[in-house]
Amino acid sequence: MEDKKEFLAQTILFKGLSDKHLESISKIAYPKKMRKGELIFQEGDESHGFYIVYAGRVKIYKESPSGKEQIIHLFGPGEPFGEVPVFSGFDFPANALALTDGELLYFPRKEFVGLIKDDPSLALNILGVLSQRLRQLVNMVEALALKEVSERLASYLLYLGEQAGGDIFDLGMNKTQLASFLGTSPETLSRMFGRLQKLGLIETQGRQVKILDREGLSEVAAGIKPFSL
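These numbers come from a predicted model, not from an experiment.

### Points about the pattern of salt bridges
In step 1: This model, assessed by the stated rule, comprises seven salt bridges.
In step 2: As a salt-bridge pair, E23 and K5 come within 3.1 Å of each other at their nearest N and O atoms. Of this pair, E23 sits in helix α2 (residues 19–27) while K5 sits in helix α1 (residues 4–8); the two residues are 18 residues apart in sequence, bridging distant segments of the chain.
In step 3: Using a relative accessible area of 33% as the deciding quantity, one classes E23 as partly exposed.
In step 4: For the salt bridge of K33 with E103, the shortest nitrogen-to-oxygen distance reads 3.8 Å. With a gap of 70 residues between them, K33 in strand β1 (residues 30–34) and E103 in strand β8 (residues 102–108) connect regions that are remote in the sequence.
In step 5: Judged by relative accessible area, K33 falls into the exposed class, the value being 57%.
In step 6: One salt-bridge network, held together by shared partners, links K5, D19 and E23.

### Digging into the packing of aromatic side chains
In step 1: For the structure on display, the rule yields 14 aromatic pairs.
In step 2: Their ring planes at 75 degrees and their centres at 6.3 Å tell us that F107 and F112 sit as a pair that is edge-to-face.
In step 3: Judged by relative accessible area, F107 falls into the buried class, the value being 0%.
In step 4: On the accessibility criterion, F112 (0% relative accessible area) is buried.
In step 5: Aromatic rings pair up to connect F41, Y51, F75, F81, F92 and Y106 into one cluster.
In step 6: Lying across the ring of Y106, K32 places its NZ or CZ 4.2 Å from the centre.
In step 7: One Lys or Arg, K175, reaches over the ring of F193 and ends 4.5 Å from the middle of that ring.

### Points about helix α8 (residues 186–198)
In step 1: With 13 residues, α8 should reach 18 Å at 1.5 Å per residue; the first-to-last C-alpha distance of 18 Å fits that figure.
In step 2: Among the residues making up α8, those that are buried are T188, L189, M192, F193 and L196. Looking straight down α8, one finds its buried side chains confined to an arc of 140 degrees; they lie on one side. In α8, the exposed positions that point more than 90 degrees away from the buried face belong to E187 and K198.
In step 3: Tucked into the core, α8 has its buried residues touching α6 (149–164), α7 (175–182), β10 (202–205), β11 (208–211) and α9 (214–221).
In step 4: Looking at the residues trailing α8, positive phi occurs at G200, about 75 degrees.

Parameters at a glance
- Residues numbered from 1 in each chain as written.
- Predicted model: local features only at pLDDT ≥ 70, side-chain atom pairs only at ≥ 80, totals over all residues.
- Heavy atoms only, no water.
- Salt bridge = Lys/Arg side-chain N within 4 Å of Asp/Glu carboxyl O.
- Helix = DSSP H or I, 4+ residues; strand = E, 2+ residues; numbered from the N terminus.
- Buried < 20%, exposed > 50% of the residue type's maximum accessible area, 1.4 Å probe, protein only.
- Phe/Tyr/Trp six-rings, centres within 6.5 Å; stacked < 30°, edge-to-face > 60°.
- Lys NZ or Arg CZ within 6 Å of the ring centre and 35° of its normal.
- Expected span 1.5 Å × (residues − 1).
- Arc of directions from axis to C-beta.
- Contact = heavy atoms within 4.5 Å.

Function cannot be inferred from these measures alone, as they are strictly geometric.
This is the structure we're talking about:
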């Protein structure tokens with residue numbers, strides 16, 4: 001692993017902290033390998049710390065008694081997960097699974113809370129991340145409850161384009177996982193991708209998507225443009 005302090009300085013959780021703070025945090029960050037398909041923690045497990053993805057991808061999901069899966073988040077390098085229970089004192093509220101081989105940084109709860117007690121300014125970064133996660137969850141609940149699947153898909157593609165800073169980007173997951181994330185079936189999702197292509201709004205090649213008509217896609221996302229399978 002490269003210099004932990006340099007890596008942590010670029011993460012959303014620790015960006016902007018002083019060199020002194022980063023030095024202290026890097027000392028309690030323990031590297032952990034992960035393998036594709038490995039369950040990092042399960043819903044209900046006791047939380048003793050949180051993680052930041054160093055390399056690879058991790059999905060956070062809930063599973064119903066019948067086995068139906070709902071993906072809540074997908075995280076890549078530099079993104080933290082499992083941090084809420086560290087401060088709430090509750091168990092992990094969902095499952096975390098490695099989508100790829102990779103590496104994590106693990107932060108023990110006791111040591112990290114000790115750093116915050118010594119310097120409360122660290123908590124401001126944590127609050128910012130938690131607020132962002134709350135907004136994402138609210139948006140997800142709203143989309144699943146109120147929007148048609150076509151609107152959810154179009155909205156998510158526009159979001160990925162904004163995150164990538166352009167009109168060409170990778171979905172970051174396969175279409176089965178994307179279907180779970182959007183609360184639909186893989187078959188329905190495939191038909192909707194096909195319909196968006198027929199309308200001349202996007203092009204796809206595997207997991208890569210190119211937005212051809214951002215305005216038209218925005219109209220689908222807003223429920224303005226007629227859309228039928």
